[in-house]
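# Working through the structure, step by step
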Amino acid sequence: MSQKKETCQVCDKKTESLKNCKSCGRDYCPKCQSPSTNQNFCKDCVSMEGVISKG
């Protein structure tokens, strides 16, 4: 059974699994998840100031 690969909306590479960014709504691959958080934010959003609320 073959799985359909989807395209990451951050890096445009094909991947088997995507997560959805809670900030911008784009689907991203594991490589594009921010390493500084365990939450569902892409690395582009985390690199921008003020995206993740501290609380």
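Bringing the overall build of the chain into the picture now. Looking only at helices and strands, the chain has 1 helix and 4 strands in total. Reading the chain from its N terminus to its C terminus gives the helix and strand order β-β-β-β-α. When each of the 55 residues of the chain is scored for burial, the buried share is 24%. For the chain, contacts bridging at least 24 residues in sequence account for 7% of all contacts bridging at least 6. When the accessible area of the chain is evaluated, it comes to approximately 4,300 Å², of which 44% is carbon and sulfur surface.

Further remarks concern the side chain of threonine 15. Residue placement: threonine 15 occurs in strand E2 (residues 14-15). Given a relative accessible area of 13%, threonine 15 falls into the buried group. Reaching out from threonine 15, the side chain makes a polar contact with the backbone oxygen of serine 17 at a distance of 3.4 Å. Beyond its immediate sequence surroundings of up to four residues, threonine 15 is in contact with Lys5, Glu6, Cys29 and Pro30.

Reading guide: rules and limits
- Residues numbered from 1 in each chain as written.
- Predicted model: local features only at pLDDT ≥ 70, side-chain atom pairs only at ≥ 80, totals over all residues.
- Heavy atoms only, no water.
- Helix = DSSP H or I, 4+ residues; strand = E, 2+ residues; numbered from the N terminus.
- Buried < 20%, exposed > 50% of the residue type's maximum accessible area, 1.4 Å probe, protein only.
- Contact = heavy atoms within 4.5 Å.
- Areas by Shrake-Rupley, 256 points an atom, 1.4 Å probe, with all protein chains shown as cover.
- Polar contact = N/O pair within 3.5 Å; in protein donor to acceptor, adjacent residues only side chain to side chain.

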